[in-house]
Amino acid sequence: MSSRYLFFSLCVVFCTSVVFAQKTFTEKFSKMGSSFEVIVVAKNKEVADGFIAMAKNYNRIENLISSWDSNSETSKINQNAGVKPVKVSKELWDLIERSQKLSQLTSGAFDISYAAVDKIWTFDGGDSELPAEAVLKRSVAKIGYKKIRLNQKDQTVFLSQAGMKIGFGAIGKGYAADRAKETLVAAGASGGIINASGDMNTWGTQADGSDWNVAIVNPLNSKKVFSWFSIEQQAVVTSGDYERFTTIAGERYSHIIDPRTGMPAKGILSCTIFAPKAELADALATATFVMGTTAGIFLINQLPKVEAIIIDAMGRIHTSKNIKIEDD
Ligand code: AMP
Ligand code: MG
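All of these numbers come straight from a predicted model, not from anything done at the bench.

**Some points on the overall build of the protein**
Turning to step 1, where the next piece is worked out: Of the regular secondary structure elements, the protein holds nine helices and 15 strands.
Turning to step 2, where the next piece is worked out: Rg of the C-alpha trace for the protein: 22 Å, near the compact-globule value of 20 Å for 328 residues, within the 12% margin.
Turning to step 3, where the next piece is worked out: Each of the 328 residues in the protein was classed as buried or not, and the buried ones make up 48%.
Turning to step 4, where the next piece is worked out: Sequence-distant contacts in the protein: of pairs separated by 6 or more residues, those separated by 24 or more amount to 59%.
Turning to step 5, where the next piece is worked out: For the protein, the exposed area adds up to about 16400 Å²; of that, 54% sits on carbon and sulfur atoms.
Turning to step 6, where the next piece is worked out: Averaging the positions of the 37 positive and the 34 negative side-chain charges in the protein gives two centres separated by 5 Å.

Okay, structure coming up:
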């Protein structure tokens with residue numbers, strides 16, 4: 001064996017053992033009304049705790065997008081609907097601009113102004129009967145992403161009609177997961193998963209060098225896993241009808257609203273999207289849930305590096321073109 005080859009081999013053994021000396025650390029906590037989990041690869045607990053503390057710093061995002069905190073920037077925008085433009089931080093302004101682009105991309109199926117119907121659907125067990133047609137019509141008239149006026153120069157947002165409201169329930173957790181991942185990558189964490197109530201964003205590899213495996217929940221029994229996927233540098237987000245719903249006259253109505261009708265979307269049990277970013281995956285999971293199987297898969301097949309698995313109300317599985325699920 002040549003000395004150069006021996007040196008190279010020793011380097012490989014040394015570097016591999018340094019990488020493999022890393023361990024995986026996990027912490028679960030509650031934020032923004034949801035459960036979060038951070039899994040991070042680090043050389044010891046002290047370093048991992050530092051990474052986890054950084055990932056937990058969601059307060060800043062909550063101050064921007066919370067609908068229940070009346071002092072958040074989002075609440076200020078809503079309080080001034082039909083009254084006046086509100087100056088906001090660049091971070092929120094940019095998120096709203098990206099949300100509008102996602103509305104365009106999804107033909108309005110994803111629309112943060114869906115929240116005008118928040119007042120008629122609570123999904124907390126308080127919905128005892130379907131809203132009257134006239135009430136629905138009045139609320140739907142206030143929905144429409146084109147009525148959110150953005151002024152870039154002044155960095156303002158104006159909901160141009162009284163009674164309009166925006167809410168980030170369909171994109172906020174994905175956005176938060178992306179920001180947490182960015183922070184940890186910048187801080188030097190070699191691998192990890194940010195799991196924001198099932199909205200997952202991964203990077204790097206596990207401590208032993210293998211890809212991360214993520215579980216997709218079985219929508220027919222949310223305590224069971226439907227399938228495991230090995231993923232690399234990707235986000236996986238699921239929208240499911242089991243997450244929040246209300247039952248009226250024996251029928252289940254899920255928390256995802258069709259902005260055209262103000263009624264909960266029907267026909268899909270769960271929609272899982274794989275994409276490079278959790279924000280995109282989050283918005284598209286909600287949008288495809290509204291669009292339905294055919295239009296949803298058609299849209300996903302047009303988008304680079306985005307894939308979908310939809311389980312329809314009959315329990316049938318539909319996938320975008322690069323996903324193959326083998327029956328066992
Ligand atoms: P997700 O679990 O990401 O699909 O988000 C669902 C949440 O997004 C709901 O609980 C609502 O807060 C909000 N939402 C419901 N319908 C829509 C819609 N069509 N577009 C945007 N957000 C929505
Ligand atoms: Mg979503």
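What follows picks up the thread again.
**Digging into the packing of aromatic side chains**
Turning to step 1, where the next piece is worked out: This structure, assessed with the given rule, holds three aromatic pairs.
Turning to step 2, where the next piece is worked out: Across the ring face of Phe29, the terminal group of Lys56 is positioned such that the distance to the ring centre comes to 5.3 Å.
Turning to step 3, where the next piece is worked out: Over the face of the ring belonging to Tyr253 we find Lys266, whose NZ or CZ atom lies 4.4 Å from the ring centre.

**Considerations on the sheet that holds strand S5 (residues 156–159)**
Turning to step 1, where the next piece is worked out: Taken together, the three strands give an open sheet; going across it, the order is S3-S5-S4, and neighbouring strands pair in antiparallel fashion. Each edge of the sheet is formed by a strand with only one pairing partner; in this case those strands are strand S3 (86–87) and strand S4 (148–151).

**Side note on the pattern of salt bridges**
Turning to step 1, where the next piece is worked out: Under the defined criterion, the tally for this structure stands at 14 salt bridges.
Turning to step 2, where the next piece is worked out: A salt bridge links Asp118 to Lys165; the shortest N-O distance between them is 3.1 Å. Residue Asp118 is located in the loop between helix H5 (90–105) and helix H6 (133–140), and its partner Lys165 is located in the loop between S5 and helix H7 (172–186); the two are separated by 47 residues in the primary sequence.
Turning to step 3, where the next piece is worked out: The partly exposed category is assigned to Asp118, whose relative accessible area is 29%.
Turning to step 4, where the next piece is worked out: Under the relative-accessibility criterion, Lys165 is labelled buried at 18%.
Turning to step 5, where the next piece is worked out: Among the charged side chains, a network of salt bridges with common partners joins Arg60, Glu91, Arg179, Glu182 and Lys277.

**Quick word on the site of ligand 1**
Turning to step 1, where the next piece is worked out: Lining the immediate environment of ligand 1, one finds 16 residues, of which Tyr114, Ser239, His255, Ile257 and Thr286 sit closest.
Turning to step 2, where the next piece is worked out: Between ligand 1 and Asp111, the relevant distance is 3.0 Å, taken from a nitrogen atom to a main-chain nitrogen or oxygen of the residue.
Turning to step 3, where the next piece is worked out: When isolated, ligand 1 has an accessible area of 500 Å², and the protein chains bury 94% of it.
Turning to step 4, where the next piece is worked out: For the shell around ligand 1, the leading source of residues is helix H8 (residues 278–291), giving three residues.
Turning to step 5, where the next piece is worked out: Within the shell around ligand 1, the residues separate by chemical class into eight nonpolar, four polar and four charged.

**So, the coordination of the magnesium ion (ligand 2)**
Turning to step 1, where the next piece is worked out: Protein-derived coordination of the magnesium ion (ligand 2) comes from Ala170 (O), Asp282 (O), Asp282 (OD) and Thr286 (OG1), at a distance range of 2.0 to 2.5 Å.
Turning to step 2, where the next piece is worked out: Each donor residue of the magnesium ion (ligand 2) belongs to the same chain, with the gaps between them written as A-x111-D-x3-T. Within this pair, whereas Ala170 is found in the loop between S5 and H7, its partner Asp282 is found in helix H8, the two being separated by 112 residues in sequence.

**Details of the sheet that holds strand S1 (residues 23–31)**
Turning to step 1, where the next piece is worked out: The antiparallel open sheet is built from eight strands, whose spatial order is S1-S2-S6-S7-S10-S13-S14-S15. Lying at the two open borders of the sheet, with one neighbouring strand each, are S1 and strand S15 (317–319). In this sheet, adjacent strand axes meet at a mean angle of 10° when their direction is disregarded.
Turning to step 2, where the next piece is worked out: Alignment of strand S7 (residues 199–203) against strand S10 (residues 235–240), held across two bridges, turns out to be antiparallel. Within the sheet, the bridge partner assigned to Met200 lies in S10 and is Val236.
Turning to step 3, where the next piece is worked out: Lying on the sheet, H7 is in contact with strand S2 (34–42), strand S6 (192–196) and S7; it crosses S7 at an angle near 20°.

**Notes on the environment of Glu97**
Turning to step 1, where the next piece is worked out: Looking at the secondary structure, you find Glu97 in helix H5.
Turning to step 2, where the next piece is worked out: In the structure, Glu97 is positioned 53 residues away from Leu150 in sequence and 7.5 Å away in space, judged by C-alpha atoms.

**A closer look at the confidence of the model for the protein**
Turning to step 1, where the next piece is worked out: Averaged over all residues, the pLDDT of the protein is 88; the fraction at 70 or higher stands at 92%.
Turning to step 2, where the next piece is worked out: Every residue in residues 5–19 is under pLDDT 50, and counting partners more than four places away or in other chains gives two contacts.

**Brief notes about the packing of H7 against H8**
Turning to step 1, where the next piece is worked out: H8 packs onto H7 with a crossing angle of 165° between their chain directions and a minimal axis gap of 7 Å. Considering the angle they form, H7 stands roughly antiparallel to H8. At the point where H7 passes H8, the crossing takes the right-handed sense. Of the residues in H8, those touching H7 at Gly172, Lys173, Gly174, Tyr175, Ala177 and Asp178 are Ala278, Glu279 and Asp282.

**Overview of the side chain of Asp312**
Turning to step 1, where the next piece is worked out: Note on placement: Asp312 falls in strand S14 (residues 307–312).
Turning to step 2, where the next piece is worked out: A distance of 2.8 Å separates a polar side-chain atom of Asp312 from the backbone nitrogen of Met314.
Turning to step 3, where the next piece is worked out: A polar atom in the side chain of Asp312 sits 2.8 Å from the side chain of His318.
Turning to step 4, where the next piece is worked out: For Asp312, the contacting residues outside a window of four places in its chain are Gly267, Ile268, Leu269, Thr293 and His318.

What counts, and at which threshold
- Residues numbered from 1 in each chain as written.
- Chains lettered and ligands numbered in written order.
- Predicted model: local features only at pLDDT ≥ 70, side-chain atom pairs only at ≥ 80, totals over all residues.
- Heavy atoms only, no water.
- Helix = DSSP H or I, 4+ residues; strand = E, 2+ residues; numbered from the N terminus.
- Rg over C-alpha atoms; globule rule 2.2 N^0.38 Å.
- Buried < 20%, exposed > 50% of the residue type's maximum accessible area, 1.4 Å probe, protein only.
- Contact = heavy atoms within 4.5 Å.
- Areas by Shrake-Rupley, 256 points an atom, 1.4 Å probe, with all protein chains shown as cover.
- Lys, Arg positive; Asp, Glu negative; His and termini not counted.
- Charge placed at Lys NZ, Arg CZ, Asp CG, Glu CD.
- Phe/Tyr/Trp six-rings, centres within 6.5 Å; stacked < 30°, edge-to-face > 60°.
- Lys NZ or Arg CZ within 6 Å of the ring centre and 35° of its normal.
- Pairing = 2+ DSSP bridges.
- Salt bridge = Lys/Arg side-chain N within 4 Å of Asp/Glu carboxyl O.
- Near = heavy atom within 4 Å.
- Polar contact = N/O pair within 3.5 Å; in protein donor to acceptor, adjacent residues only side chain to side chain.
- Nonpolar A, V, L, I, M, F, W, Y, C, P; charged D, E, K, R; others polar.
- Donors = N, O, S within 2.8 Å, 3.2 Å for Na, K, Ca; no water.
- Axes fitted to C-alpha atoms, helices over the stretch in contact; angles between N-to-C directions.
- pLDDT = per-residue confidence, 0-100.
- Parallel < 35°, antiparallel > 145°, perpendicular 65-115°, else oblique.
- Left-handed = near helix turned anticlockwise from the far one by under 90°.

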